[in-house]
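# Architecture at a glance
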Amino acid sequence: MAHVNINKKALDNINSENLSSVLNDMIDKELSKSAENIDTVFVDECVNALLELERENNSAAAIVPLISSDKFLKKITNQKSAKGFKSLNTFARVAVVAAIIAGGTMTANAAVEAVTGVNVIQMVADSVESKLIDWGIMKTSIENVDAGFDDDDATTEPVTEPTTEPTTKPTTEPTTKPSTTQPSGIENVDGGMDDDEETTTQFSGIENVDGGMDDDEETTTQFGGIENVDGGMDDDDEPTTEPNKPSKPSTTQQTTAKPAIEQTTKPEESAVFTQLRVEYDDSFKFDYIYGEKLSYDGMKLIASYSDGSEKEIDLADCKYTTAIDTTVTADYELTILYKSSSIKINVTVRPDEFTRGSEICSNSLFEYLLTEQGAYVTAYKGYSNYLELDEIDGNKVVAIGPSCFRGKGIQSITAQNVTRVYGNAFENCQRLTECYIPSAEYIGDYAFSGCEFIDRAVYSDKLEYIGKGSYNKTAITEIVIPSGVTEIPDYAFNQCESLVSVTMLGKVTSIGSFAFNECVKLETVTGCADITSIGAFAFADDELVNFDTFPQKLERVGESALYFCQNLEIGALPSAIKELAPNAFAYCLGLTEIEIPEGITVIPENCFRATNAEKIILPEGVTEIGKYAFMSHKATSIVLPKSLKIIKTYGLYSVMLRTVYFDRNVEEIGSNAFYAGRSVVFYVYEDTVPMDYAIEYDIKYILRDESAEIGE
């Protein structure tokens, strides 16, 4: 690696105004995009750099947050080119110069070289002074720059090593290679030490840099998180090394090969910080799943000093990664910067508990996560019509991930070892006719939705979960729900127009909204005794359906839940009912008796419309009868409770009704609330709303005696 000598005076000549202008242009360009396309992390990085410029008035300080971000380097370069620096756009030139000034991490160097064809480290020695001036990044020439070349060396020549070796060498080498994926969002970097502390100018990735100052000069500029620089210290000073974290410790571990020095005494004022190390307990989290928040709990940071002393420091005193994207599967490298030392921590993000900490793998046909149980397929890249999915690369396939085959043209698949099929896995595979997954214990949301030619569902007797919409709009003809399933979710078998029978082997307690909506051929549903809730439109328009027994534990009935189930034998309304909704029992001809349970105050619109109820009992507490609520009932006599105040339009309209007993508290009766036939008689109190209604609609009425009982 080249040895570059850049003194403090040269750094002070960086043109802050020029760099501020470039950063502002980049922010404006990003913010000109539509809201959903703005890269907020990229903008934050630019803004952090501008704030650093304003605070420090030092362009080199602003570069520090940027060179650690692969996202930044990739963003500002347009296309790969072998023409060198002249082919780069303005932003790319700034990035390359920044990398030169700051030394450039190996990651940063690789990112620039991959996109531009320029190897930053190799190009350092090529007329650095003239290039910086030409690009307007520096105001004046650099003094005392020794890149290891003569003045007339060509820019394409490699940088040679200096003829002399440093008097001391780092005691240890980094133990792990940095990850290529680095998250952004690092904050709180202290650009230097206190005024009375001796500091060094240090840049990440450059070895043995002599600040170019005289031996009696004490202070140079320092940037947090950059290592291994001789900033003008005496020859016998020991250079610092960057500790690195092993991949995943199972016990407390250190990030440097140097033995820990156990000392609790406070370092003397003359002691110099040398390195940062970290210890973890069992609670520290290296592996995350979707939705979990980044946490540093379970970690201890320890600063070491030149006199052998150590002290624990607070994370708040460091600059560190504050967030990672926990909505995508990825590997991340967390960074903690403290003075001249940094810590790198590798963490993972995976879809769920089943895949926590798994390895990301791929081959020509599949992308998958390798878990302890086997392969979890995340994507299929092939075009086969018939597929046997038992093993991948010698690993047993145990799961098919979300949207893995979504919309593919596959016609048949066999996956005998798969225990989990995740959401949308085969959604809209419109050519799929056969899917044999006999070991499946989990079927995710909309897993087979839209597979209109699949005529049967195959899974294990140990199935415990069926996701919402799992077989929505398929051609299945019968379904057997294993005993482990206690809920049929929303849209599970919605619009399965070929479905004839449903058998529930366990104690199913809940039927979700639209679960069997418009299953026009559905005739029998068995295992219904324990149902307590039927969601909106659950059996709507299932004209032929009948239950083996109507659930007497039923408490909640959603909107249109049993709408037009004309063949459903209900009998008396279950006394456990607590909640009713519009159209809940509309056109249920099998409902023959309605006694509203106590606690219900409003009879919703159309709730019992067109039933065959010959008996209607309304308890005290009912205050309102909604529009069409009992229209076309078969009852001949109704006694209305004292609590009733409102009867909406067509609320009790029926040609079968003969007598109605009113109390005096009714305040509103809507138009045509009752059939105004010659055979109906109202029993009313004088000067009440029911009496006025009877007069208006020419209905016969009889004044009630205050002391008379109902029917007298």
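All residue numbers refer to positions counted from 1 along the written sequence of the respective chain. Under the rules for a predicted model, residues below a pLDDT of 70 receive no local features and side-chain atom pairs below 80 are neither given nor counted, while totals for whole chains, interfaces and linings still include all residues. Just so you know, side-chain values use all the structure's heavy atoms and leave hydrogens and water out.

## Digging into the overall build of the chain
A run of H or I in DSSP becomes a helix once it reaches four residues, and a run of E becomes a strand once it reaches two; helices and strands are each numbered from the N terminus. Helix and strand counts for the chain stand at 10 helices and 38 strands. Exposure classes here rest on a 1.4 Å probe applied to the protein chains alone. A residue is buried below 20% of its type maximum, exposed above 50%, and partly exposed in between. For the chain, with 712 residues in total, the buried portion stands at 52%. Of the contacts formed within the chain by residues at least 6 apart in sequence, a portion of 38% connects residues at least 24 apart. When checking whether two residues touch, look at their non-hydrogen atoms; a contact exists if any pair is within 4.5 Å.

## A few points about unusual backbone geometry
Despite not being glycine, Asn424 shows a phi value in the positive range, around 60°. Its identity as a non-glycine residue notwithstanding, Phe564 has a phi of 65°, on the positive side. Here Phe564 is to be found in the loop between strand E27 (556-557) and strand E28 (571-572). Phe564 gets classed as partly exposed once you look at its relative accessible area, which sits at 24%.

## What to know about the pattern of salt bridges
The rule for a salt bridge is simple: a side-chain nitrogen of Lys or Arg has to be within 4 Å of a carboxyl oxygen of Asp or Glu. For the coordinates displayed, the defined rule picks out 11 salt bridges. Note that Glu353 is salt-bridged to Arg356, the shortest N-O span being 2.8 Å. When salt bridges that share partners are traced, they join Lys285, Glu292, Glu353 and Arg356 into one network.

## Describing a negative patch on the surface
Taken together, the side chains of Glu497, Glu518, Asp541 and Glu543 define an acidic patch exposed on the protein surface. By secondary structure assignment, the location of Glu518 is in the loop between strand E23 (510-511) and strand E24 (524-526). To count toward a patch, a residue needs a relative accessible area over 30% and no salt bridge; like charges are then connected within 9 Å, while nonpolar side chains (Val, Leu, Ile, Met, Phe, Trp, Tyr) are connected within 5 Å. Values of accessible area rely on a 1.4 Å probe in the Shrake-Rupley scheme; residue burial ignores everything except the protein chains shown. In this charge count, Lys and Arg are treated as positive and Asp and Glu as negative; neither His nor the chain ends contribute. Every charge is mapped onto a representative atom, which is NZ of Lys, CZ of Arg, CG of Asp or CD of Glu.

## A few points about the packing of aromatic side chains
We call Phe, Tyr and Trp rings a pair once their centres come within 6.5 Å, taking the six-membered ring for Trp, and we label the pair stacked below 30 degrees between planes, edge-to-face above 60, and tilted otherwise. Enumeration over the complete set of coordinates arrives at 37 aromatic pairs. Residues Phe564 and Tyr587 carry aromatic rings whose centres are separated by 5.5 Å and whose planes lie at 45° to one another, so their mutual orientation is tilted. Residue Phe564 is located in the loop between E27 and E28, and its partner Tyr587 is located in the loop between E28 and strand E29 (591-595); the two are separated by 23 residues in the primary sequence. The class of Tyr587 is partly exposed, set by a relative accessible area of 24%. Measuring from centroid to centroid gives 5.7 Å for Phe585 and Phe608, while their planes differ by 10°, and the two rings are stacked.

## Looking at the side chain of Thr348
Mapped onto the elements, Thr348 comes out in strand E8 (residues 341-350). Sequence-distant contacts of Thr348, that is, excluding residues within four places in its chain, are made with Phe286, Asp287, Tyr288, Ala330, Asp331 and Gly357.

## Concerning the sheet that holds strand E34 (residues 646-647)
At least two bridges found by DSSP between two strands are what make those strands a pair. Within the open sheet, the 4 strands sit side by side as E30-E32-E34-E36. Their pairing is parallel. Looking at the sheet topology across the chains shown, the edges are occupied by strand E30 (602-603) and strand E36 (668-669). Inspection of the sheet shows strand E32 (residues 624-625) paired to E34 by 2 bridges, in the parallel sense. Across the sheet, Glu624 pairs through a bridge with Ile646, a residue of E34.

## Points about the sheet that holds strand E17 (residues 434-436)
Across the sheet, 3 strands lie side by side as E12-E15-E17; this open sheet has parallel pairing. Either end of the sheet is taken by a strand with one partner, and the two such strands are strand E12 (386-388) and E17. The average undirected angle you get between the axes of adjacent strands in this sheet is 5°. Fitting a line to C-alpha atoms yields each axis, with helices limited to the stretch in contact; the angle taken between N-to-C directions then spans 0 to 180 degrees.

## Structural notes on the nonpolar core
With 107 residues, the main nonpolar core has Phe405, Phe426, Phe539 and Phe585 as its most contacted residues. Broken down by secondary-structure element, the contributors of at least two residues to this core are strand E10 (366-370), strand E11 (375-380), strand E14 (395-400), strand E20 (478-481), strand E22 (501-504), E29, strand E37 (681-684) and helix H10 (689-696). When near neighbours in sequence (up to four residues on either side) are disregarded, Phe405 contacts Phe366, Tyr380, Leu387, Leu389, Ile400, Ile410, Ile413, Ala425, Phe426 and Cys429. Residue types Ala, Val, Leu, Ile, Met, Phe, Trp, Tyr and Cys, when buried and joined through side-chain atoms within 4.5 Å, form a set referred to as a nonpolar core. Ranked by size, the runner-up nonpolar core spans 28 residues in total, among them Tyr280, Ala303, Tyr338 and Ile343.

## Comments concerning a nonpolar patch on the surface
Side chains of Val655, Met656 and Tyr675 sit close together on the surface and give an oily, nonpolar patch of about 250 Å² of accessible area. Looking at the element boundaries, Tyr675 is found in the loop between E36 and E37.

## Remarks on the side chain of Asn583
The topology assignment puts Asn583 in the loop between E28 and E29. Excluding residues within four positions of it along the chain, Asn583 makes contact with Ser560, Ala561, Tyr563, Glu605, Asn606 and Cys607.

## Thoughts on the state of the cysteines
Disulfides are defined as cysteine sulfur pairs within 2.5 Å. Tallied over the entire structure, the rule returns 0 disulfides. With no disulfide of its own, Cys451 lies 5.1 Å from the sulfur of Cys429, the closest cysteine sulfur. With no disulfide of its own, Cys607 lies 9.6 Å from the sulfur of Cys588, the closest cysteine sulfur. Taking the relative accessible area as the measure of exposure, Cys607 reaches 0% and is therefore buried.

## Topic: the environment of Ile27
In this structure, Ile27 sits in helix H2 (residues 16-31). The spacing of Ile27 and Cys46 is 19 residues in sequence and 6.8 Å in space, taken between C-alpha atoms.

## Remarks on the confidence of the model for the chain
Chain-level pLDDT for the chain is 77 on average; 64% of the residues reach the 70-or-more range. pLDDT measures the predictor's confidence residue by residue and takes values from 0 up to 100. Counting contacts from residues 100-112, a segment whose pLDDT is below 50, to residues more than four positions away or on other chains yields 40 contacts. Of the regions scoring below 50 in pLDDT, residues 120-129 engages in 32 contacts with residues more than four places distant in sequence or in other chains.

## A look at the environment of Arg406
If you trace the backbone, Arg406 turns up in the loop between E14 and strand E15 (412-414). C-alpha separation for the pair Arg406 and Gln430, spaced 24 residues apart in sequence, amounts to 9.7 Å.

## What to know about H10
Of all the residues in H10, the buried ones are Pro690, Met691, Tyr693 and Ala694. Burial along H10 is one-sided: seen end-on, the buried residues are contained in an arc of 160°. The inward-facing, buried residues of H10 contact E36, E37 and strand E38 (700-703). Downstream of H10 by one or two residues, Asp698 has phi in the positive range, about 55°. In this context, the arc is that of the directions from the helix axis out to the C-beta atoms.

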